[in-house]
Protein chains: 2
Amino acid sequence: MLIMRSVPEDLTAPARIRDAAIALFGAQGYDGTSVRAIAAAAGVSPALVLHHFGSKEGLREACDSWIIDEVMGRKEGLTTEHDLASTMQEWLADTERFRPSLDYLARTIVDGGETGARLFAHLVDRTESMLASQTEAGIVRPSSDPRMTAAIVATHGLVPLVLERVLARSLGDTGLSSALIARMTLPTLELYTHGLYADSTVLDAATAALKGTPSEGAP
Amino acid sequence: MLIMRSVPEDLTAPARIRDAAIALFGAQGYDGTSVRAIAAAAGVSPALVLHHFGSKEGLREACDSWIIDEVMGRKEGLTTEHDLASTMQEWLADTERFRPSLDYLARTIVDGGETGARLFAHLVDRTESMLASQTEAGIVRPSSDPRMTAAIVATHGLVPLVLERVLARSLGDTGLSSALIARMTLPTLELYTHGLYADSTVLDAATAALKGTPSEGAP
DNA sequence: CGGATCACTGAACGATTGTTTAGTATGCTG
DNA sequence: CAGCATACTAAACAATCGTTCAGTGATCCG
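All values reported here derive from a predicted model rather than from experimental measurement.

> I'm lost on the relation of the copies chain B and chain A in this one. Help?
Note: a rotation about an axis with an accompanying shift along it relates these two copies of the chain. Mapping chain B onto chain A calls for a screw motion: a turn of 180° about the axis and a shift of 0.0 Å along it, with 0.0 Å RMSD after fitting. In short, the pair behaves as if placed about a two-fold rotation axis. Distance from the rotation axis, computed per C-alpha, reaches its smallest value in chain B at B:Gly195: 2.0 Å. In this assembly, 100% of the residues forming the interface of chain B have copies in chain A that are likewise at the interface, indicating an isologous arrangement.

Next up, the structure:
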């Protein structure tokens, strides 16, 4: 770990510590990152980290609420209203710049903890209301289970975030993930416009099968 | 960590160690699991773990190749040919039973390491050839980018695996993830049959926009 | 029977972990 | 200027980490 002071100088010490923590937690995970490594990356002593954040867990919570504020756009100019979807779109368009936040966000969501669940639930809520209004406008087809459809569409949006590494490696090692996102756009829109199947035989068969066993939710 | 010997007795010590490692690595991650915890769960001494597997990293590699064999179905009766898709379907139908393997597999894939990349690449290959034959048979619509479409469909299949926790929590805490999978089936088939959009205006707009800037791959 | 190999354990090793403590420097407030 | 809170560090703390070592039984082979 020869590289230190990887966070610029013109920030307060707590801010440098927080930025370094997000970068290292995102890159190596919480357990794989030591307080000493964070302190070195922020250019401070290990004791100062705990002086400002109480404990390593307290630092994680500070990073969580910071990333939530960053995702929801409660920073910078408070002019624009943001949410997870729009922020992710912005970040994925410049992965090199937002790499720390992207990695931290991905880990938070797949982790399934309180923060990840809150962010995902928010994304599903937004997706559901968006789909509802677009369905009313005739843009989107009605669904037999709007909540689950919203959840599915939401997860599809998270795919480039949480599966970026394996995706890139399975499509020739471009490594440039913004090009990957761009290449995903057209096939995704094709799928969302015409579906995958040429006709409705598979769906009809599944519908008939579910009609045959209607007691689905009661064990 | 009072609970130990969580792996049955009637297995060889290396097998018990490996099973305990898969369960703990899957539940808490590699860094979050100590050799001592694995040894306790397997009912052996910590030294025996390293005696059989050389190091903690060696144990991980053994778990990786074990899970690969398990996924590819190179075990039990060698009669049936399996792959990632069919194995995942079988495991997700009985999540309680296959919880350790499911969690370990999910972590391996999102980790993006060698094993995860190999498994995912295999899944994309299988999906691509399946889609190709079904396209030729008129079941599946042709795609403008078959490889990427296969990758997208593959990632959609991994969604319940890697996002199970947040998914369950955003749809009322059932916790029973097999019911979650069942509820996902119909909306997914609706999406794959009719698409999400009512008409092709969004796709047409995107296609026109990409025609306007055709120099996509050359930086 | 004798020797060797093997599975296995208890105890310890040094390194690293998160955290605490004592202390220094700085800058604000009265 | 005195007093005090704050930012910050060096050093050490106990605990845990992965790993090593010496040694014990048991099994097997000749």
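Once you've had a look at it, read on.
> Any chance you could explain the confidence of the model for chain A here in plain terms?
Should pLDDT be low for a region, the predicted coordinates there are not to be read in detail. All names here are of chain A. The predicted model of chain A has a mean per-residue pLDDT of 90, with 89% of residues at 70 or higher. Low pLDDT, under 50, characterises residues 215–219; the predicted model gives this stretch two contacts beyond four residues in sequence or across chains. ipTM for the predicted complex: 0.90, alongside a pTM of 0.91.

> Explain the domain arrangement of chain A here, please?
Frequently, the measure chosen for interface size is the accessible area that the parts lose on association. Residue and element names in this part refer to chain A. We note that the domain assignment places domain 1 (13–158) and domain 2 (163–211) within chain A. A C-alpha centroid distance of 24 Å is found between domain 1 and domain 2. Counting residues at the interface gives six residues for domain 1 and five residues for domain 2. For the domain 1 and domain 2 pair, buried surface summed over both sides reaches about 530 Å², with 41% attributable to carbon and sulfur atoms. The partner of Arg99 in a salt bridge is Glu164, with the nearest N and O atoms 2.9 Å apart. Seen at the junction of domain 1 and domain 2, the total is two residue pairs in polar contact (both at pLDDT 80 or more). For the side of domain 1 that touches domain 2, the secondary-structure elements that each account for two or more residues are α6 (95–111) and α8 (146–162).

> What is the right way to look at the protein's contact with DNA strand C in this model?
Near DNA strand C there are 16 residues, and of these A:Val35, A:Arg36, A:Lys56, B:Ser45 and B:His52 occur at the shortest range. A breakdown of the atoms of DNA strand C within 4 Å of the protein gives sugar and phosphate a share of 49%. In this structure, A:Val35 approaches DNA strand C through a main-chain N or O atom, which is 3.0 Å from a phosphate oxygen. Interatomic distance of 2.9 Å between a side-chain N/O atom of B:Ser45 and a phosphate oxygen of DNA strand C. The dominant element in the surface near DNA strand C, judged by the number of residues it contributes, is helix α3 (residues 46–53) of chain B, at four residues. Considering only residue class, the surface near DNA strand C consists of seven nonpolar, six polar and three charged.

> Mind showing me how you'd approach the interface of chain B and chain A here?
On the side of chain A, 65 residues touch chain B, which itself brings 65 residues to the contact. For the pair chain B and chain A, the summed buried surface comes to about 6100 Å²; carbon and sulfur atoms form 68% of the total. Applying the counting criterion to the chain B and chain A interface returns four salt bridges. Ionic pairing is found between B:Glu114 and A:Arg169, a salt bridge with its closest N-O pair at 3.1 Å. Of all the secondary-structure elements, those providing two or more residues to the side of chain B that touches chain A are α6 (95–111), α7 (114–136), α8 (146–162), α9 (164–170), α10 (177–194) and α11 (201–212) of chain B. Broken down by element, the residue count for the side of chain B that touches chain A peaks at 13 residues, all from α10(B). Residue classes in the side of chain B that touches chain A are distributed as 35 nonpolar, 18 polar and 12 charged.

> Could you clarify how one ought to interpret the side chain of A:Thr149 in this entry?
Looking at the element boundaries, A:Thr149 is found in helix α8. Judged by its relative accessible area of 12%, A:Thr149 is buried. Of note is the side chain of A:Thr149, whose polar atom sits 2.6 Å from the side chain of A:Ser143. Setting aside residues no more than four positions away along its own chain, A:Thr149 makes contact with A:Leu131, A:Ser143, B:Pro187 and B:Leu196.

> Would you explain the pattern of salt bridges in this entry?
Close approach of charged atoms allows side chains with opposite charge to pair. Residues and elements named next belong to chain A. Applying the stated criterion to the full structure yields 18 salt bridges over all chains. Across the pair Asp103 and Arg99 runs a salt bridge whose closest N-O atoms are separated by 3.3 Å. Remark: Arg99 and Asp103 occur in helix α6; sequence separation between them is four residues, near one turn of the helix. With relative accessibility at 17%, the residue Asp103 sits in the buried group.

> Can you walk me through the protein's contact with DNA strand D in this structure?
Residues in close proximity to DNA strand D total 16 residues, the closest being A:Ser45, A:His52, B:Val35, B:Arg36 and B:Lys56. Counting only the atoms of DNA strand D within 4 Å of the protein, the fraction contributed by sugar and phosphate is 49%. Measuring from a phosphate oxygen of DNA strand D, one finds a side-chain N or O atom of A:His52 at 3.0 Å. A distance of 3.4 Å separates a phosphate oxygen of DNA strand D from a polar backbone atom of B:Thr33.

> Explain the packing of aromatic side chains here, please?
By convention here, two paired aromatic rings are described through the distance between centres and the angle between planes. For the structure shown, the criterion picks out six aromatic pairs over all chains. Considering the side-chain rings of A:Tyr197 and B:Tyr192, the 6.4 Å spacing of their centres and the 75° angle between planes classify their relative orientation as edge-to-face. With one member in each of two chains, A:Tyr197 in the loop between α10 (177–194) and α11 (201–212) and B:Tyr192 in helix α10 form a pair that bridges those chains. An angle of 20° between the planes, with centres 5.8 Å apart, marks the rings of B:Trp91 and B:Phe98 as stacked. In this pair, the class of B:Trp91 matches that of B:Phe98, namely buried. For the cation-ring pair, A:Lys56 lies above A:Tyr30, with the distance from its terminal atom to the ring centre recorded as 4.4 Å.

Rules and cut-offs
- Once a new chain begins, its residue numbering starts again from 1 and follows that chain's sequence as written.
- Each chain takes a letter, starting from A, and each ligand takes a number, starting from 1, following the order in which they are written.
- Reporting of local features is limited, given that this is a predicted model, to residues whose pLDDT is at least 70; pairs of side-chain atoms are given and counted only at 80 or more, and all residues count toward the totals for whole chains, interfaces and linings.
- Derived side-chain values reflect all non-hydrogen atoms in the structure, with water molecules and hydrogen atoms excluded from consideration.
- A residue counts toward the fit only if its pLDDT is at least 70 in both copies, and the copies are then superposed by least squares on the C-alpha atoms of those residues.
- Contact criterion: two residues are considered in contact whenever any of their non-hydrogen atoms come within 4.5 Å of each other.
- Each residue carries a pLDDT score, the predictor's own confidence in it, on a scale running from 0 to 100.
- Domain delimitation follows an automatic or database domain assignment.
- Throughout, the accessible surface (probe 1.4 Å) given up by two parts as they are put together, summed over both, is called the buried area.
- A pairing counts as a salt bridge when a side-chain nitrogen of Lys or Arg comes within 4 Å of a carboxyl oxygen of Asp or Glu.
- As used in this structure description, the phrase polar contact means that two N or O atoms lie within 3.5 Å; if the pair is within protein, one of them must be able to donate a hydrogen and the other to accept it, and residues adjacent in sequence are counted only when both atoms belong to side chains.
- For the purposes of this entry, the term helix denotes a DSSP run of H or I that reaches at least four residues, the term strand denotes a run of E that reaches at least two, and both are numbered from the N terminus.
- Consider each residue's heavy atoms; a residue with any of them within 4 Å of a molecule or strand counts as near.
- Residue polarity is assigned by list, with Asp, Glu, Lys and Arg as charged and Ala, Val, Leu, Ile, Met, Phe, Trp, Tyr, Cys and Pro as nonpolar; anything else, Gly included, falls into the polar class.
- Buried means the residue's accessible area, taken with a 1.4 Å probe over protein chains only, is under 20% of the maximum for its type, while exposed means over 50%, and partly exposed covers the values in between.
- Each Phe, Tyr or Trp ring, with Trp reduced to its six-membered ring, pairs with another whose centre is within 6.5 Å; inter-plane angles below 30 degrees give stacked pairs, above 60 give edge-to-face pairs, and intermediate values give tilted ones.
- Placement of a positive charge over a ring is assigned whenever Lys NZ or Arg CZ falls within 6 Å of the ring centre and within 35 degrees of the normal to the ring plane.

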